[in-house]
Every structure is written in C-alpha cells, then in structure tokens.
Amino acid sequence: MLNDKLSRRSFLKAAGVGVAATSALSLLSFTKWRKESSEKSEVSKIPTQCQGCGANRCGIYVYVKNGRIWKIEGNPKANNNPGSVCPRGHGFIHGLYDIHRVKQPLKKTENNTFVPISWEEAFKEIAIRLNLIIMENGPQSVFWLQYPMANAALSFRFMHALGSPNTASHGSTCYVARNAAFNVTYGGLPYIDMKNSRYIIIVGRNPAAGIRLDQLTDLMYAKNNGAKVVVVDPRHSETAVLANDWLPVNPGTDLALLLAMIYVIIDENLYDREFVENNTVGFDKLQDSIVTYPPEWAEKVCHIPKDTIYRIAREFAANKPHALVHRGYHGGYGAGYINSFQTARAVAIINALAGNFERTGGLYMPLKPELGELKEGGHPSPEIPKVPKADGSGIPGRYPLGSYSDGISHAIPELALSGDLSAGFIYHTNPLRTNPNPKRVITGYRKLQLLVTIDCVMSETASISDYVLPESFFLERDDAVDTVHSLKTGQVSIVQQIVKPMFDTKPLLDILVGLSKGLGIEKYFNFTQEEANALRLKPFGITVEDLKKEGVMNVGEAWRDGFKPPKTKSGKVEIYSEKLSALNIDPLPNWIAPLTNPDPADRSSFRLLHGKQSAQTNAMTFHIPMLRQLSLRTDMIRLWINRSRAEELNIKDGDNVLIESDIGRGVMKVRVTEGLHPSCVWMPSGYGGFSKHLDNSYGVGLSYNDFLPTYFDPVVGHVMANEIIVRIKKV
C-alpha cells in the first residue's frame, strides 16, 4: 500500500519539494502577473486636498492605479504644505478601504442597536422629528457642531434657514483665546514669516509634530540660513530638538516670561521707536504698567533664570524687525489656562515692539481672497437669526469676546441638560472624545431629543446618535472651493472626487438638500456643488475645470513688505485696548496666575499637559490601522514624567502608573525623561477611543479629556485644557 511505502520523512520531503515548487510557480506567476499588470495599468494623477486633519487641508496629488488609490504626494504649489505630506495624510487615505466605514444610513432602535434605513426614510423621519422639536421649543433649540471645513458655509446656511444661530466648531477646545487676543490687537490673525526671520521664539507650539507643514519647512530654511530659534516649552519637544535654546518654562507661566521680556525691551529702549510712535496706541500706558515685571520677579514664577530672560530679550530686539514670537495655536495659549487670552495679548504686543508687523521676517496679514457668493447666481441667502447664541458667545456679561462662528462647543452638554438645546447635528467631529469630562458629555448628549451624526465611521458620538448619515469619504466627493492656503499669495483650492463612492454614501450638500425638503427650506439649497463652486470662482475668472486640473491656484497680487493699517478701530496696533476696558477686561496684559497648581505637599501631584504627535490628529486618525500600528510599534503611547520626580515615586521607565484626577482615572505606561519640567506629566493626544464599533482603536491609550473638569474661561469661554491636576502612583 502507498502508506506502507511512504515514510513520514519521505512524505515531508516530498511535500516540501511540492510546496517549494508550488511556491516557486506561484512566485513566478505572481511576478509575471505583477509585471504585466504594471505595464498594462494606467496610472492617473489627480489633485485634491487631504482631510487627514481637517485644518491644514494640504494640497495633494492622488495616484490611482487599477481603480484603487495607490499613493499620494504633496502639491508643491500649496502654500500650507509645499510639496510635502505628513504621516497622518499618508495613513488617512487608507480610510477609504476601512472595514469600519458606515455603508448606509443607520437608525438607532429602542434597544440601542442600529438598523439600516434608506436615505429617503432617514430624511423623512429626521425632518418630522425636527419639525416637532422646532414647533415645541423654537428653532434656536437646534445646534450644529463641526470641525472647520471648506464647506462650513453650507452648514451655516442650513442653520440660518432653520432660524437658529447655534453653530459651533471645536475652537473653544483649541485656539479661540489666541484668535481673540490678536483680533483685539491687530484686527485679525496675522501669519508668521519664519522663513525670512533671523530670530524666532516659539512659545508652547511644536511645528515639528504639528499639522502646519509649511511652518516646519520654513523653520528649517531659516535655521539653515543662520536664524536663531528659541523654544519655550515645559517639554523637550520635537521642535526643541531643533532649537538653539530650549527654555523649560514652569507650565502656565509663559505670561510672566513675556512680561519680563517686554520689561527689558522697554526699560533698555530696545523697541522700534518709530513704529511704536506712528503705528500703535497705548504704549505709554504699557510703559507705566510693565515696571512691576522685571526678570528678577519673573524667574521666581516661570523658573527661567533672569540672565537668560535678559539675554533672549536683547537678542530678539537686536534682530528687529526680522524677529518674531510665533503666533501659537493650541498649546501654550490657544485654550490652555485662565491666563491664555492675556498671554496671547503679550505675544501680540512684543511683536509690535519689534516693529515687525507687515515686515519681512515678522508678522503679516494673509491675503485671503473674497470668494463669490451664491446670491450672485440667484440663490437667496437666509437671514442671520437675531436671537443670541445659547452658549453666550460674544455676549457682554457672559463670554464677551467669544467667537460667533466658533461658539463654545463644550457648553453643548450643559445646554442640553438645561433644556436650552433639544436637537443637534454633528459633522466631521467627535465631541464625546474631544470635549472634557466624557461622562458629562455623554449625559448631556443623551438628553437631546434628536441627535444626528454625519460621519464615515461609527465614532463615539455616532454610537449614541439617533441617526448616522454616512458622508462619502473625501476621495469620493467634490467639496466647496477653499481659500485655506492663502498666505503671502491668495490661493483657491478644491477637494474633488478621485474614485466613485464604494457604498451608499453622500456628500454634505446632497445630505442637506435631502433634509431641506422635509423642513420647508429647500429654496436655500436649489443648486449643485458644481454651480456653487463656479460662483465662488467667478471673481477670479477661473473655471471649476481649471481649478480641478491644478488643485491649487494663485489669485490676486502677492504680499509686499511695508506697513498696512490693521483693521482695528484706531487703524493702528492696539497695545492698550479701549474695547477691553469697556468690557471690564484688563486693557493691558498683567500677570494672572494659573487657576490650578500641583499640591507642593504631595509628591504624587502633577499638572497634566498634552500635545500632538506626528502620527495622530485629535480624534480623527486613531482608528486608521496603519497609524495605530505606527504608534504601537514605536511605543509612542506613553506618559512622560521627569526623572527626578519618577525616582521619588520609585517609578522606572516602562512601568505602568495610575493617573487620577477629580473626574477620571486610568493606567498608562511611562517614559522617564530629563526632557520635562518636574512639575508636570505629559500625555500624547489622539488616543483613548471607547467606541465599541471601532475595535482597532478601542481601549488604546488614554485621552487628557478623561481627566479635565469642565471649565469656561471668562473672556472667550475656552476649555482651559491645561488646568488639570492629577495624582500619579506606580501600579
């Protein structure tokens, strides 16, 4: 018999040969197929904008091969990312093929599961429920929350057509303090000409891991041309690695450092006298108030030696006007501390003392082009509702400098619990993960009578919504013409469809058109995206076809060096602000201590800081498998702790620690380092997913929002994201 003649050894040998032969044939076959396929395949290269972070919207070229996305590369014409793409962008394109995508509209059932429904059913049911809510509670009981996108105007249009002013972005958790301070001082938010600067001070900002790729490019260009770079940050960040000086400031005391630098510049007559006399107001009042903030005072507060403060201030002034203090973003003073607004004011003012406004190597106002409007094509615009915003943005006595367009997103749960808000739409954001105190957020959002989320995946917020409407992935849709790349040249850019939608999904405009019919506001949505884009481009004589070929196009004249009056009431840089005085807000920056501080008697007490890593953005990317693996394989998800403090607590590198605040607790692996101020620990952001529908990110890492109580800064209502005190112990 065959079995008798074939020993186990000879069988394995024969089998091995067979497998090898088969493998060889397979390999030859695959190699041949790949070669033939490669030779026969047509590769198309199509420009569009990345949506991996939503904010920078980098210009990219997408390569399509055999009907699938092959790769992307940066569009060299795009001001925000000249020819480059970050890891998030490269990873995010795989979201197109993500197995977790929502493939059709979903409706939540009574037992909190979801069932598919048609678009027609979804539009009809949502409209019926929304109409009843508006009849009972008024249109102002409806809100819309979104990440700022090129098509934000569509959601404003939708809400205004309903009669509600309650739109919001994530701004109150990110940048509103900075924006408000620069608006008061300069009448807008200037940009930074780091590329041509000779002396660059960066306070609490980390361009080397952030989302503005042009800033890292410009920083390296300036450094290679001999510019000096000073990084003020409690953590030795990726940008601090590139700096000439790293100043590990005591967290929350950047304002003290800046006040002391202003003191030196004024006391030693190092400021640009001609600029100050001709182009600013209120210098004399600043001169009187700053005398109380010498470096000898500041070093006790900010932990930077007085000699260093004198040296940095003198070096900065010696390089004026080609010197700048970075305008910042989220870290440091975007929405960090109770003193963030006045810290940003101090940044704005110290730049003015250098006379660098509208100067090469200093600050300048981006040349944002004015897009054409829908009404020019016969499409009426709804009136802006006259009722005030429910969150108090821009209302004296509440949050007087709060932004109308950004609103206060983390106020929504309270407004839902109080009954001021009854229904809402969430678009391209995830407040259950990006707002503080998730238990409070969940409780508030569940109180709503109707919650609709428009997203590509079942995020934490989508998971508790009544309806989930799947938007087409950005590679599957056309979006609104954009001006986000406008800097020294005005630029228009566009998101365009690269491949056909894989599932039963729709772009935002089609979703709004569908909803509008049942809500009686369809007259405001009687246009296509193509028509709207053509009207937006009309002032520039550019067609949609032209822009789709290029992805990004310059419009208007380029920026020129030379002072141009800022759009303030006085037409000058307002060092002293009459507007702030009228609102009973300090019209000059003066020292304000942080709201919270670690307990000096408790060696386990720390301030919890957070920041971006180059592989993750907020809550948008951690479900992408490739980016998740990048974080795990490089061991990026760790809590940083200062070595001396770790030794006091018998904590070693790689240990797990329990982190506790007044509202949350969690366990995380630590990284012991010399590169962190001893009073704080630092947590990377972008992790801590808890949507059970996204099993690849569920339970991976923690979020600082798990430990952040609910705060509202009194000037703009921001979240005060760094006012977190935690206790740490080894487990």
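Residues numbered from 1 in each chain as written. Predicted model: local features only at pLDDT ≥ 70, side-chain atom pairs only at ≥ 80, totals over all residues. Heavy atoms only, no water.

A. Region of the structure containing the environment of asparagine 151. Among the structural elements, asparagine 151 can be located in the loop between strand 6 (142-146) and helix 5 (152-162). With residues near it in sequence (within four places) discarded, asparagine 151 still touches Tyr427, Asp479, Ala480 and Leu508. Here aspartate 479 takes part through its side chain, which lies 3.3 Å from a polar atom of the side chain of asparagine 151. (Helix = DSSP H or I, 4+ residues; strand = E, 2+ residues; numbered from the N terminus. Contact = heavy atoms within 4.5 Å. Polar contact = N/O pair within 3.5 Å; in protein donor to acceptor, adjacent residues only side chain to side chain.)

B. Quick look at the nonpolar core. Among the nonpolar cores identified, the biggest contains 92 residues, and Tyr186, Ile201, Ile262, Phe316, Phe341, Leu353 and Leu401 are the most heavily contacted of them. For this core, the leading source of residues is helix 9 (residues 254-267), giving 12 residues. Here leucine 353 is in contact with Ile262, Ile265, Ile266, Tyr271, Asp272, Val276, Phe283, Lys320 and Ile575, once residues within four sequence places are set aside. Listed in part, the 38 residues of the second largest apolar core include Ile126, Ile133, Tyr467 and Leu509. (Core = buried A, V, L, I, M, F, W, Y, C linked by side-chain atoms within 4.5 Å. Buried < 20%, exposed > 50% of the residue type's maximum accessible area, 1.4 Å probe, protein only.)

C. Helix 13 (residues 306-318), seen in detail. Across its 13 residues, helix 13 extends 18 Å between first and last C-alpha, which sits within 8% of the 18 Å expected from 1.5 Å per residue. Along helix 13, the residues that are buried comprise Thr308, Ile309, Tyr310, Ile312, Ala313, Phe316 and Ala317. (Expected span 1.5 Å × (residues − 1).)

D. Just the sheet that holds strand 15 (residues 423-427), in detail. Here we have seven strands laid out as an open sheet, ordered 5-4-17-16-15-6-7, and mixed in their pairing. Edge positions in the sheet fall to strand 5 (114-116) and strand 7 (167-168), since each of these pairs with one other strand and no more. Both strand 4 (residues 106-108) and strand 17 (residues 467-470) contribute to a ladder of two bridges, which runs antiparallel. Residue pairing for strand 17: lysine 107 is matched across the bridge by tyrosine 467. Of the strands in this sheet, strand 6, strand 7 and strand 15 are in contact with helix 5, which crosses strand 6 at around 175°. (Pairing = 2+ DSSP bridges. Axes fitted to C-alpha atoms, helices over the stretch in contact; angles between N-to-C directions.)

E. Structural view of the sheet that holds strand 9 (residues 199-203). Strand order in the open sheet made by the four strands is 11-10-9-13, with parallel pairing throughout. The open sheet is flanked by strand 11 (245-247) and strand 13 (323-325), the only strands paired with a single partner. Each strand axis lies, on average, 10° off the axis of its neighbour in the sheet, ignoring direction. When strand 10 (residues 228-232) meets strand 11, the two strands line up parallel, connected through three bridges. Bridged to valine 231 within strand 11 is tryptophan 246. The strands that helix 13 touches are strand 9, strand 10, strand 11 and strand 13; relative to strand 9, the one it contacts most, it runs at about 130°.

F. Up close: the packing of helix 4 (residues 119-137) against helix 19 (residues 508-519). Where helix 4 contacts helix 19, the axes come no closer than 8 Å and their chain directions differ by 50°. In this view, helix 4 runs oblique relative to helix 19, as classed from their interaxial angle. Crossing of helix 4 against helix 19: the hand is right-handed. Across the interface between the two elements, Trp119, Phe123, Ile126, Ala127, Leu130 and Asn131 of helix 4 pack against Asp510, Ile511, Gly514, Leu515, Gly518 and Leu519 of helix 19. Looking at the contact of helix 4 with helix 19, its residues break down into eight nonpolar, three polar and one charged. (Parallel < 35°, antiparallel > 145°, perpendicular 65-115°, else oblique. Left-handed = near helix turned anticlockwise from the far one by under 90°. Nonpolar A, V, L, I, M, F, W, Y, C, P; charged D, E, K, R; others polar.)

G. Broad picture of the packing of aromatic side chains. The final tally for this structure, using the stated rule, is 25 aromatic pairs. Considering the side-chain rings of tryptophan 144 and tyrosine 427, the 6.2 Å spacing of their centres and the 55° angle between planes classify their relative orientation as tilted. Placement of tryptophan 144 in strand 6 and of tyrosine 427 in strand 15 is noted, with a sequence separation of 283 residues between them. Classification of tyrosine 427 by relative accessible area gives buried; the value is 0%. Their ring planes at 65° and their centres at 6.4 Å tell us that tyrosine 175 and tyrosine 329 sit as a pair that is edge-to-face. Placement of the pair is tyrosine 175 in the loop between strand 7 and helix 6 (176-186) and tyrosine 329 in the loop between strand 13 and helix 14 (340-353), with a sequence separation of 154 residues. Residue classification places tyrosine 175 among the buried positions, given a relative accessible area of 9%. Since its relative accessible area comes to 16%, tyrosine 329 is described here as buried. (Phe/Tyr/Trp six-rings, centres within 6.5 Å; stacked < 30°, edge-to-face > 60°.)

H. Region of interest: helix 4. Between its terminal C-alpha atoms helix 4 stretches 26 Å, which fits the 27 Å expected from 19 residues at 1.5 Å a residue. Restricting attention to buried positions, one finds in helix 4 the residues Trp119, Ala122, Phe123, Ile126, Ala127, Leu130, Ile133 and Ile134. With its buried residues spanning 135° around the axis, helix 4 presents them on a single face. Pointing more than 90 degrees away from the buried face of helix 4 are the exposed residues Glu120, Lys124, Leu132, Met135 and Glu136. (Arc of directions from axis to C-beta.)

I. Structural view of the state of the cysteines. For the structure on display, the rule yields zero disulfides. With no disulfide of its own, cysteine 50 has cysteine 58 as its nearest cysteine by sulfur position, at a separation of 6.0 Å. The thiol sulfur of cysteine 174 is not disulfide-bonded, and the nearest other cysteine sulfur, from cysteine 53, lies at 11 Å. Judged by relative accessible area, cysteine 174 falls into the buried class, the value being 9%. (Disulfide = S-S within 2.5 Å.)

J. Representation of the pattern of salt bridges in the model. By the definition in use, this model includes 35 salt bridges. The residue lysine 488 makes a salt bridge to aspartate 193 at a minimum N-O spacing of 3.0 Å. Taken as a pair, lysine 488 in the loop between strand 17 and strand 18 (490-493) and aspartate 193 in the loop between strand 8 (191-192) and strand 9 lie far apart in primary sequence, 295 residues in all. The class for lysine 488 is partly exposed, based on a relative accessible area of 24%. Exposure remark for aspartate 193: the relative accessible area of 4% places this residue in the buried category. The salt bridge partner of aspartate 635 is lysine 669, with a shortest N-O separation of 3.1 Å. Of this pair, aspartate 635 sits in the loop between helix 23 (625-633) and strand 22 (639-642) while lysine 669 sits in strand 24 (residues 665-673), and the two are 34 residues apart along the sequence. When salt bridges that share partners are traced, they join Lys228, Asp245, Arg311 and Glu315 into one network. (Salt bridge = Lys/Arg side-chain N within 4 Å of Asp/Glu carboxyl O.)

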